[in-house]
Amino acid sequence: MKVLIVYGSPDGKGNSRRLADALQEGLKTENTEVEEIDIHDYKVSFVWSNYFGDALQNNFEKAGDDDMPKLKDKMFAADILILVSPVYWYQLGGRMKTFVDRWADTINTDFSSDLMGKGLALVTTHSGLNIMNSSNYLQLAMEATARFMGMVWMGAVDAPTSLPISSGPIDAHYQIAKNFGEKLARGENLIGQKVL
Ligand SMILES: Cc1cc2nc3c(=O)[nH]c(=O)nc-3n(C[C@H](O)[C@H](O)[C@H](O)COP(=O)(O)O)c2cc1C
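Since this is a predicted model, take the numbers as computed values, not measurements. All residue numbers refer to position in the chain's written sequence, counted from 1. Note on the predicted model: pLDDT of at least 70 is required for a residue's local features to be given, and 80 or more for side-chain atom pairs to be given and counted; whole-chain, interface and lining totals, by contrast, use all residues. Hydrogen atoms and water are omitted, and side-chain values are computed over all heavy atoms in the structure.

It is worth spelling out the site of the ligand at this point. Any residue with a heavy atom positioned within 4 Å of a molecule or strand is treated as near that molecule or strand. Residues in contact with the ligand amount to 15 residues; listed here are only the nearest, Ser 9, Ser 16, Val 87, Trp 89 and Ser 127. A distance of 2.7 Å separates an oxygen atom of the ligand from a polar backbone atom of Val 87. Only the protein chains shown count as covering a residue, and every accessible area follows the Shrake-Rupley method with a 1.4 Å probe. Burial of the ligand by the protein chains amounts to 75% of its free accessible area of 650 Å². Numbering of helices and strands runs from the N terminus; a helix is a DSSP stretch of H or I covering at least four residues, while a strand is a stretch of E covering at least two. When contributions to the shell around the ligand are tallied by element, the ones reaching two or more residues are α1 (15-27) and β4 (119-126). As used in this structure description, the phrase polar contact means that two N or O atoms lie within 3.5 Å; if the pair is within protein, one of them must be able to donate a hydrogen and the other to accept it, and residues adjacent in sequence are counted only when both atoms belong to side chains.

Structure below.
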């Protein structure tokens, strides 16, 4: 299995890093080829007026000299894409969101996507305050995005952060992430169903 992890937290030692590390540990248990990249190391242009129309024609001139061609090659080479992002206002972090906006680059005139058939998984961290709905909205948005793109939704793991007013992550969060990594390496979704 070839896995591309796209890391999207500006903090390389924070809550998202720890959860992503646990998942990586699980991924390593099988003969899996894993590449991790940090979205902050790549230049991704914002979408522009009539972007969708241009994307359907495969015309990306207005993106200028950005790194989307490189990122697309990496995505096309992978069987599973794993996005790692803290929840920012119920959604992906801005850098990651701009990257996902540009996934419409992969849509063809018949609305099929070149990402069709690939697995999509999410690793996300949040405040742990249920008044903020944790990562529920983000998970729903990414599951719907996977469906639209004809991708296979593999599931999501999350963990709360440590705040004076929340309990913070516990070992079980990291154990679940590690187990998820093991399942992904076997082409299984979070439930353990073999879907790839
Ligand atoms: C700009 C911003 C917006 C945030 N929005 C939310 C939110 O909507 N819901 C939530 O539960 N946590 C929210 N948080 C908390 C972060 O998701 C949480 O602290 C996360 O674990 C940080 O990950 P990191 O340690 O990798 O930076 C927000 C944090 C920031 C900085």
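After that view, the rundown keeps rolling.
This next bit is on the pairing of strand β2 (residues 33-38). Strands are treated as partners if at least two bridges between them are detected by DSSP. Pairing analysis gives six bridges linking strand β1 (residues 2-7) to β2, with the strands arranged parallel. Residue pairing in the sheet places Val 3 in a bridge with Val 34 of β2. Seen with its strands pointing away from the viewer, a crossover is right-handed when the path leading from the first strand over the helix to the second is clockwise. Since β1 and β2 lie parallel, the crossover through α1 that links them has a hand, and here it is right-handed.

This part covers the sheet that holds β2. Backbone-to-backbone hydrogen bonds join strands into a sheet, with any given pair of strands oriented parallel or antiparallel. Here five strands make up an open sheet; going across it, the order is β2-β1-β3-β4-β5 and the pairing parallel. Both outer strands of the open sheet, β2 and β5 (152-160), are each paired with one neighbouring strand and no more. Adjacent strand axes in the sheet meet at a mean angle of 15 degrees when their direction is disregarded. Contact between two residues is taken to exist if any of their heavy atoms lie within 4.5 Å; hydrogens are not considered. All axes here are fitted lines through C-alpha atoms, helices being fitted over the stretch that makes contact, and every angle between N-to-C directions spans 0 to 180 degrees. Where helix α6 (residues 171-185) meets the sheet, its contacts fall on β3 (80-86), β4 and β5, and the angle it forms with β5 comes to roughly 160 degrees.

What follows concerns the environment of Gly 155. Among the structural elements, Gly 155 can be located in strand β5. Through-space distance from the C-alpha of Gly 155 to that of Ile 191 is 8.2 Å; in sequence the pair is 36 residues apart. Those residues in contact with Gly 155 that sit more than four places away from it in its chain are Leu 120, Ala 121, Leu 122, Phe 180 and Leu 190.

Think of an α-helix as 3.6 residues a turn; residues three or four steps apart then line up on the same face. Remark: exposure states derive from per-residue accessible area (1.4 Å probe, protein chains only) relative to the maximum for the residue type, with buried under 20%, exposed over 50%, and partly exposed in between. Buried within helix α4 (residues 94-101) we find Met 96, Thr 98, Phe 99 and Val 100. Of the surrounding secondary structure, the elements contacted by the buried residues of α4 are β1, α3 (68-77), β3 and α5 (136-149).

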